[in-house]
Amino acid sequence: MSFLPNDCRYLDSHEYVRLDGEIATIGITKFAVDQLGDIVFLELPEMGDVVTKRESFGTIESVKSVAELNSPVTGTVIERNETLLEFPEQVADDPYGEAWFIKVRVNDPDEVLDALTADEYGALVEGE
């Protein structure tokens, strides 16, 4: 199992969220990147858009497939990673650092507690 940051929470659909006060940084896990293969396209919401917990906020496309991106929280998009829109292959370089997808001002910070811990997510993906 690859490294999973303990300061993140995870969805079973392989997105992560890192909460800093009321700002959530959302991306996909290294496991998801490895499963997708070469990433060729990324669709993300615009700044000011509202994302809803457990609902799609965009798509990621690889040479293998297209996958929906699901939000771990509800809130307003305050930033999106423009670099990844131009160079989507860079998602693989640093998924938990520079390759985040969006930053969201959350409505309820406690929503992240519904997501999996690093240990829980690690156990989930070890079975896949």
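This section reports on the structure supplied with the text. Just so we're clear, the structure is a prediction, and the values are computed from it rather than from any experiment. (Residues numbered from 1 in each chain as written. Predicted model: local features only at pLDDT ≥ 70, side-chain atom pairs only at ≥ 80, totals over all residues. Heavy atoms only, no water.)

Quick word on the overall build of the protein chain
Phase 1: Regarding its fold elements, the protein chain presents three helices and nine strands.
Phase 2: Walking the protein chain from its N terminus toward its C terminus, one meets helices and strands in the order β-β-β-α-β-β-β-β-β-α-β-α.
Phase 3: For the protein chain, the spread of C-alpha atoms along the principal axes amounts to about 35 × 35 × 20 Å.
Phase 4: Within the protein chain, counting contacts between residues at least 6 apart in sequence, those at least 24 apart form 63% of the total.
Phase 5: Accessible area of the protein chain: about 6500 Å², with a carbon and sulfur share of 45%.
Phase 6: Distance between charge centroids for the protein chain: 2 Å, based on 9 positive and 28 negative side chains. (Helix = DSSP H or I, 4+ residues; strand = E, 2+ residues; numbered from the N terminus. Contact = heavy atoms within 4.5 Å. Areas by Shrake-Rupley, 256 points an atom, 1.4 Å probe, with all protein chains shown as cover. Lys, Arg positive; Asp, Glu negative; His and termini not counted. Charge placed at Lys NZ, Arg CZ, Asp CG, Glu CD.)

A few points about the sheet that holds strand S5 (residues 50-51)
Phase 1: If you walk across this open sheet you meet the six strands as S1-S2-S3-S9-S8-S5, and the pairing is antiparallel. With partners counted over all chains shown, the strands left at the sheet margins are strand S1 (9-10) and S5, one partner each.
Phase 2: Both S5 and strand S8 (residues 75-80) contribute to a ladder of two bridges, which runs antiparallel. Counted as the bridge partner of Val 51 is Gly 75 from S8. (Pairing = 2+ DSSP bridges.)

Looking at the pattern of salt bridges
Pairing is possible between side chains of opposite charge, provided their charged atoms come close.
Phase 1: In total, this model carries seven salt bridges according to the counting rule given.
Phase 2: Between Asp 12 and Arg 54 there is a salt bridge, and its shortest N-O distance comes to 3.1 Å. Taken together, the residues Asp 12 in the loop between S1 and strand S2 (15-20) and Arg 54 in the loop between S5 and strand S6 (56-62) connect sequence positions 42 residues apart.
Phase 3: Between Arg 105 and Glu 22 there is a salt bridge, and its shortest N-O distance comes to 2.6 Å. Placement of the pair is Arg 105 in strand S9 (residues 102-106) and Glu 22 in the loop between S2 and strand S3 (23-28), with a sequence separation of 83 residues.
Phase 4: Looking at Glu 22, the relative accessible area reads 39%, which means it is partly exposed. (Salt bridge = Lys/Arg side-chain N within 4 Å of Asp/Glu carboxyl O. Buried < 20%, exposed > 50% of the residue type's maximum accessible area, 1.4 Å probe, protein only.)

Structural notes on the packing of aromatic side chains
Centre distance and the angle of the planes are the two values used to describe a pair of aromatic rings.
Phase 1: All chains considered together, the criterion is met by two aromatic pairs.
Phase 2: Note on Tyr 16 and Tyr 96: the rings are 5.2 Å apart at their centroids and 50° apart in plane angle, and the pair reads as tilted. You can see Tyr 16 sitting in strand S2 and its partner Tyr 96 sitting in the loop between helix H2 (82-86) and S9, a full 80 residues away along the chain.
Phase 3: Note on Tyr 16: relative accessible area 0%, which makes it buried.
Phase 4: Residue Tyr 96 is classed as buried on the basis of its relative accessible area of 12%.
Phase 5: Here the basic side chain of Lys 103 rests over the ring of Trp 100, its NZ or CZ set 4.8 Å away from the ring centre. (Phe/Tyr/Trp six-rings, centres within 6.5 Å; stacked < 30°, edge-to-face > 60°. Lys NZ or Arg CZ within 6 Å of the ring centre and 35° of its normal.)

Notes on the nonpolar core
Phase 1: Within the largest apolar cluster, 24 residues are counted, with the highest numbers of intra-cluster contacts made by Ile 28, Phe 101 and Ile 102.
Phase 2: Mapped by element, the contributors of at least two residues to this core are S3, helix H1 (30-36), strand S4 (39-43), S6 and S9.
Phase 3: Aside from chain neighbours lying at most four places away, what touches Ile 102 is Ala 24, Thr 25, Ile 26, Leu 44, Pro 45, Val 51, Phe 57, Val 77, Glu 79 and Arg 80.
Phase 4: Counting residues in hydrophobic clusters, the runner-up holds ten residues, among them Tyr 10, Tyr 16, Phe 31 and Trp 100. (Core = buried A, V, L, I, M, F, W, Y, C linked by side-chain atoms within 4.5 Å.)

Nothing here speaks to function; it is geometry throughout.
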